[in-house]
Amino acid sequence: VGTSAEAMRAVCRDAYGSVLFIDEAYGMAVGTSKGTTADEILPALVAEMENHRSDLCVILAGYKDEMFEFLKNNSGLESRIPHIIEFPNYSKDELIKIFLHMVKKNFAYEDDLMEAVSEYINNIPKEQYETKEFSNARFIRNLYEHLWGKAAYRISLDGDSEIVLKKEDWVNVMAEENFVNMVEEKNKRTIGFKA
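This report concerns the structure included in the present document. (Residues numbered from 1 in each chain as written. Predicted model: local features only at pLDDT ≥ 70, side-chain atom pairs only at ≥ 80, totals over all residues. Heavy atoms only, no water.)

1. Thoughts on a nonpolar patch on the surface
Together, V19, F21 and I59 make up an exposed nonpolar region whose accessible area comes to about 270 Å². In this fold, F21 is placed in strand β1 (residues 18-22). (Patch = residues over 30% accessible without salt bridge, like charges linked within 9 Å, V, L, I, M, F, W, Y side chains within 5 Å. Areas by Shrake-Rupley, 256 points an atom, 1.4 Å probe, with all protein chains shown as cover. Salt bridge = Lys/Arg side-chain N within 4 Å of Asp/Glu carboxyl O. Helix = DSSP H or I, 4+ residues; strand = E, 2+ residues; numbered from the N terminus.)

2. Re the packing of aromatic side chains
Two descriptors summarise a pair of aromatic rings, namely the distance from one centre to the other and the angle between the planes of the rings. Counted according to the given criterion, the structure contains 8 aromatic pairs. Between Y120 and W170, the ring centres sit 5.5 Å apart and the planes meet at 80 degrees, which makes this aromatic pair edge-to-face. Separated by 50 residues along the polypeptide, Y120 in helix α6 (residues 111-122) and W170 in helix α9 (residues 167-174) bring together distant segments of the chain. Side by side, Y120 and W170 carry an identical accessibility label, which is buried. (Phe/Tyr/Trp six-rings, centres within 6.5 Å; stacked < 30°, edge-to-face > 60°. Buried < 20%, exposed > 50% of the residue type's maximum accessible area, 1.4 Å probe, protein only.)

3. Side note on the packing of helix α1 (residues 4-15) against helix α2 (residues 37-51)
Where α1 meets α2, the closest approach of the two axes is 8 Å, and the angle between their N-to-C directions is 35 degrees. Crossing of α1 over α2 shows right-handed handedness. When α1 is examined against α2, the residues S4, A5, M8, R9 and C12 are found in contact with a partner set consisting of T37, E40, I41, A44, L45 and E48. (Axes fitted to C-alpha atoms, helices over the stretch in contact; angles between N-to-C directions. Left-handed = near helix turned anticlockwise from the far one by under 90°. Contact = heavy atoms within 4.5 Å.)

These results come straight from atomic positions and should not be treated as a statement about function.
The following block contains the structure:
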């Protein structure tokens, strides 16, 4: 408190002539009451957007609902944002293509691996796939990184020199709790004693 406005102005000055991209922008609005950093940051950002609108492009990004709430925090903010662009989640087919692209770019692989990956992604329940907690392409990147990590470990044990991604690596990834829970119905936990 007391230095946040100047810090925001400095960040904006650094972006003059280009773009200031603020991801998860609603994080700036935590505690917008008087005497908070948000109370200083948002007016400073609005002033910069107005006073330097010809040499500063500000892009604010985040989840849709949180962003609409965020815009209500400062009356001048919403009026200075002329364009709102919503990006839908990737479809399951697009997620499979993204995964395949990452694999092909860096590794050789066996065909049955991609069959297993496609089956897994297509079996993610709609209720899970459409939640905000499902990170879409980030989830796919995590799958990919875990897969080649398992392959690298297997290869280090086998003494091979070339990494070829195999279905057995996928099976090892699927044994990890955070991935197996994606397609299996989660067991309901109860508190107390069983009858």
